[in-house]
Amino acid sequence: MEVWSGCLSNFVLPSRNTEMKLDKQRSRHTTEREFGGTLGATCIPVLLPLTVLYLLSVCRSPGASLLQWPPPLPPTSQLWDPVAPMLLLGWLALQSFLYMLPVGKVAEGMVLRDGSRLKYPINGFHSFCISAILLGLTLWLGMPLGYLFELLFPLAVCSMGMSFLLSLYLYLRSFWAPYQALSLGGNTGNPLYDFFMGRELNPRIGRFDLKYFCELRPGLMGWVVINLAMLMKEVELRGSPSFAMLLVNVFQLLYVMDALWNEEAVLTTMDIVHDGFGFMLVFGDMAWVPFTYSLQAIFLVIHPQSLSAIGGIAIIALNGMGYYIFRRSNSQKNQFRRDPTHPSVAGLETIATATGKRLLVSGWWGLVRHPNYLGDLLMATAWSLPCGVSHLLPYFYIIYFTVLLIHREARDEKQCRRKYGLAWDTYCRRVPYRIIPYIY
C-alpha cells in the first residue's frame with residue numbers, strides 16, 4: 001500500500017496529530033468546476049449517447065439532414081445484435097494483450113505530485129501493425145468486414161454501455177486510492193460531477209494503465225477499422241471504392257498512424273497529466289471517437305460523391321499542408337521539451353518562467369499559441385470536403401472539433417497562467433493570436 005505522506009527519511013510511527021492532518025487532507029475537496037458544473041455533468045452523459053445514435057441515424061437516412069424533424073431514429077430491433085458484444089470484447093482483449101507485449105521501449109511520464117514518475121509501454125505502433133496483419137489475414141480468409149455497416153448501431157450501443165460500466169468502476173475504485181493519486185479537478189465531493197470528470201488521475205490494475213490504454217488504442221484503431229469496413233461495404237454495393245472514400249480512409253489512417261508513431265508525446269498532454277479518468281474521457285475514447293470520427297466514411301456508403309482529379313489534388317494539398325503544420329509544430333515542441341540544446345531548437349527565442357522552465361516565443365510557437373490546432377483544423381476540413389458541400393452532416397466533425405479546440409485552448413490558457421504567472425502574460429503579449437494567425 002502506498003503511503004500518502006510520501007518518502008520518509010526515517011521510519012517513525014505517526015502521531016495522532018499527524019493522522020488527523022492526513023485525514024483532513026484526504027477529505028479536502030476541490031471547488032473549481034468545468035463543463036457547466038453539476039448541471040453539465042448531469043446532462044452531458046445523457047446527451048452524448050443520444051447524439052451518437054442521432055448522427056448515425058441521420059448518416060444512414062436518405063436525406064442525411066441534420067435539421068430534419070422529427071429526427072430519424074433507429075427502430076429498437078436495430079440497436080442490439082449478440083455479435084456486437086462478442087466483437088467488442090474480442091477487440092478489447094486483443095488490444096489489451098498487445099499492450100502487455102514486451103516490445104518497444106518503456107518511457108517515463110511527467111513528475112506526479114508525490115515526485116514519482118509512472119512508466120508506460122511505447123508499443124502502440126507495434127500493436128497497430130500486428131492488428132493490421134491479423135485484419136488482413138481475416139480478410140484473406142473471407143471475413144465480410146463490410147458487415148460492420150449493419151452492426152454500427154449495436155456496436156455503438158455496446159461501446160456506450162461499456163463506457164458507463166467502466167466509468168462506474170473507476171469512480172468506485174477511486175475511494176481506495178491515496179489522496180495524492182486523485183485528480184485535482186475531479187475531487188469535488190459531488191458524485192455526479194466527479195463521476196463525469198474522474199476522481200483518480202492514473203488508475204492502474206498492476207502495471208496496466210487504464211487511461212493510457214484507452215487514449216490511443218481500442219477507439220482510435222477502431223476508427224480505422226470502421227473506415228475500412230465502410231470502404232469494403234462500398235465495394236460490395238458498387239464494385240469498387242470511390243476516390244472520395246479512398247481519400248477519407250487514407251487521410252484518417254495517416255492521422256492515426258502519426259498519433260501511434262509519436263505515442264510518447266501523449267504523456268505530456270492535458271488528458272494524461274491533468275484530467276482524471278472518468279466518463280468524459282472514457283466515453284470519448286471508447287464511443288465518441290470511433291463512431292463520430294468515422295461519419296465521413298459512413299456517409300459516403302449511402303451518399304456516394306463524385307470527385308474530380310483537380311478537386312482531389314486540391315484536397316490532398318490542403319491535408320498535406322495541415323499535416324505539415326501539425327507535425328512540425330508538435331515535433332518542435334516535443335524536441336524542445338526533451339532537449340532544449342538540440343540544434344533544431346537551440347536558436348529559438350524563449351522566455352524564462354518562475355518554475356525554471358522556458359516558453360518558446362519563436363518558431364511555430366511564435367506564430368500562434370497553438371499551431372498544432374491550426375493544422376488539426378485544416379486536416380479536418382480536408383477530411384470533409386470529399387463528401388461534397390450539399391450536406392452539413394460530413395462537416396459535423398469540423399464544427400465539433402472547432403468548439404472542442406477553442407474550449408481546450410481556454411482550459412490550457414488557464415492552466416498555463418496559473419503555472420507560469422507573469423511569464424505567460426508576457427508570452428501572450430508577444431504572441432497575441434491563439435490558433436489562426438491575424439484572425440483568432
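- Per an unreviewed UniProt entry, the protein chain is named Delta(14)-sterol reductase TM7SF2, and its organism is Anguilla anguilla.
- Taken verbatim from the UniProt record of the protein chain, the Sequence similarities (unreviewed entry) comment is "Belongs to the ERG4/ERG24 family."
- Quoted verbatim from the Pathway (unreviewed entry) field of the UniProt record, the comment on the protein chain reads "Steroid biosynthesis; cholesterol biosynthesis."

### Here we look at the overall build of the protein chain
Then step 1. A tally of helices and strands in the protein chain yields 16 helices and 6 strands.
Then step 2. Here the C-alpha radius of gyration of the protein chain, 23 Å, is about what a compact globule of 440 residues would show, namely 22 Å.
Then step 3. Dimensions of the protein chain, computed from the C-alpha atoms along their principal axes, are close to 75 × 50 × 45 Å.
Then step 4. Here the protein chain holds 440 residues, and the buried ones make up 49% of them.

### A short note on the packing of helix α2 (residues 37-60) against helix α11 (residues 279-292)
Then step 1. Interhelical geometry of α2 versus α11 gives an angle of 5° and a closest axis separation of 11 Å. Classified by the interaxial angle, the pair formed by α2 and α11 is roughly parallel. Listed contacts from α11 to P45, L48, P49, T51, V52, L55 and L56 of α2 are F279, F283, W288, F291 and T292.
Then step 2. Residue classes in the contact of α2 with α11 are distributed as 10 nonpolar, 2 polar and no charged.

### Side note on a positive patch on the surface
Then step 1. On the surface, R117, R337, K357 and K419 cluster together into a patch of positive charge.
Then step 2. With respect to the element layout, K357 can be found in the loop between β5 (350-352) and β6 (358-360).
Then step 3. The partly exposed category is assigned to K357, whose relative accessible area is 39%.

### Things to note about the nonpolar core
Then step 1. Core analysis: the largest hydrophobic core is formed by 102 residues, its most contacted members being V52, W223, M230 and L393.
Then step 2. Among the elements that take part in this core, α11 stands out by supplying 10 residues, more than any other.
Then step 3. If sequence neighbours within four positions are ignored, L393 has contacts with L55, V58, C59, A64, L66, L295 and F299.
Then step 4. One finds L360, Y420, W424 and Y427 within the second-largest nonpolar core, a separate group that totals 15 residues.

### A word on the environment of I315
Then step 1. Along the chain, I315 turns up in helix α13 (residues 309-338).
Then step 2. We classify I315 as buried; its relative accessible area is 6%.
Then step 3. Taking the C-alpha atoms as reference points, I315 and L67, separated by 248 residues in sequence, lie 27 Å from one another.
Then step 4. With residues up to four places along the chain from it excluded, the contact list for I315 reads F251, L307, A382, L385 and P386.

### Structural notes on the UniProt feature "transmembrane region" (unreviewed entry) in the protein chain
Then step 1. Residues annotated in UniProt with the feature "transmembrane region" (unreviewed entry) correspond here to residues 35-56, 83-101, 122-141, 147-172, 240-257, 277-295, 307-326 and 383-406.
Then step 2. Here residues 83-101 is 95% helix and 0% strand, with 27 Å between the C-alpha atoms at its ends.
Then step 3. End C-alpha to end C-alpha, residues 147-172 measures 37 Å, and it is 81% helix and 0% strand.

### Regarding the pattern of salt bridges
Then step 1. Tallying each qualifying case throughout the model produces 14 salt bridges.
Then step 2. The residue E108 makes a salt bridge to K119 at a minimum N-O spacing of 3.3 Å. One end of the pair, E108, is in strand β1 (residues 105-108); the other, K119, is in strand β2 (residues 119-122), and 11 residues separate them in sequence.
Then step 3. The class for K119 is partly exposed, based on a relative accessible area of 49%.
Then step 4. One salt-bridge network, held together by shared partners, links E150, K233 and E236.

About the cut-offs
Residues numbered from 1 in each chain as written. Predicted model: local features only at pLDDT ≥ 70, side-chain atom pairs only at ≥ 80, totals over all residues. Heavy atoms only, no water. UniProt positions renumbered as here; feature names shortened; annotations may be inferred. Helix = DSSP H or I, 4+ residues; strand = E, 2+ residues; numbered from the N terminus. Rg over C-alpha atoms; globule rule 2.2 N^0.38 Å. Buried < 20%, exposed > 50% of the residue type's maximum accessible area, 1.4 Å probe, protein only. Axes fitted to C-alpha atoms, helices over the stretch in contact; angles between N-to-C directions. Parallel < 35°, antiparallel > 145°, perpendicular 65-115°, else oblique. Contact = heavy atoms within 4.5 Å. Nonpolar A, V, L, I, M, F, W, Y, C, P; charged D, E, K, R; others polar. Patch = residues over 30% accessible without salt bridge, like charges linked within 9 Å, V, L, I, M, F, W, Y side chains within 5 Å. Areas by Shrake-Rupley, 256 points an atom, 1.4 Å probe, with all protein chains shown as cover. Salt bridge = Lys/Arg side-chain N within 4 Å of Asp/Glu carboxyl O. Lys, Arg positive; Asp, Glu negative; His and termini not counted. Charge placed at Lys NZ, Arg CZ, Asp CG, Glu CD. Core = buried A, V, L, I, M, F, W, Y, C linked by side-chain atoms within 4.5 Å.

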